[in-house]
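Listed below are the residues making up each chain.
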Amino acid sequence: MVKIQSDYVDKGVQLIAINANDATKYPDDSFSKMKERAREKNFNFPYLYDEPQEIARAYGAERTPEVFVFSKDAVLRYHGAIDDNYDDPAAIKIQYLRDALDAVLARKPAPIAETRPVGCTIKWK
């Protein structure tokens, strides 16, 4: 995500990461741990905490990471995984998020509008 934000910032794209995990049951997802992770990974985008889990529920989010791409007019254009290989970046063949961003910037439909998000499930309260 850091590389994607860096590559698209000059095109007016802004990534935002939102953590909705229950930090009471999962202390590694606490706000203080989030700040540490953001520093360690050099996040170049806002990393927010959805403590009441309202945003995650409103969007129907189920996993982390799970991306939602919106056009300037707030229409959902892509929802799903960042790419086709969660485990091995060297084996990525399809970059769903980049393809969706390129399409939205060109005012075209995303080549694939939805994929199955892959990752850890959100830790609900």
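Keep in mind the model is a prediction, meaning the values are calculated, not measured.

Conventions and cut-offs
- Residues numbered from 1 in each chain as written.
- Predicted model: local features only at pLDDT ≥ 70, side-chain atom pairs only at ≥ 80, totals over all residues.
- Heavy atoms only, no water.
- Helix = DSSP H or I, 4+ residues; strand = E, 2+ residues; numbered from the N terminus.
- Buried < 20%, exposed > 50% of the residue type's maximum accessible area, 1.4 Å probe, protein only.
- Lys, Arg positive; Asp, Glu negative; His and termini not counted.
- Salt bridge = Lys/Arg side-chain N within 4 Å of Asp/Glu carboxyl O.
- Polar contact = N/O pair within 3.5 Å; in protein donor to acceptor, adjacent residues only side chain to side chain.
- Contact = heavy atoms within 4.5 Å.
- Phe/Tyr/Trp six-rings, centres within 6.5 Å; stacked < 30°, edge-to-face > 60°.

Undergrad: Just to check I follow, could you spell out the side chain of Asp 50 for this structure?
TA: With respect to the element layout, Asp 50 can be found in the loop between strand E2 (47–49) and helix H3 (54–59). Although Asp 50 is buried, it makes no salt bridge; Arg 57 carries the closest opposite charge, 7.7 Å away. Within the structure, Asp 50 has its side chain in polar contact with the backbone nitrogen of Ala 56 (distance 2.9 Å). If we skip the residues at most four places from it in the chain, Asp 50 touches Ile 18, Asn 19, Ala 20, Ile 55 and Ala 56.

Undergrad: Please explain the packing of aromatic side chains as it appears in this structure.
TA: Aromatic ring pairs are reported here in terms of the distance separating the ring centres and the angle at which the planes meet. One pass over the full model with this rule turns up 5 aromatic pairs. Note on Tyr 59 and Phe 68: the rings are 5.5 Å apart at their centroids and 50 degrees apart in plane angle, and the pair reads as tilted. We classify Tyr 59 as partly exposed; its relative accessible area is 44%. By relative accessible area, Phe 68 is classed as partly exposed at 23%.

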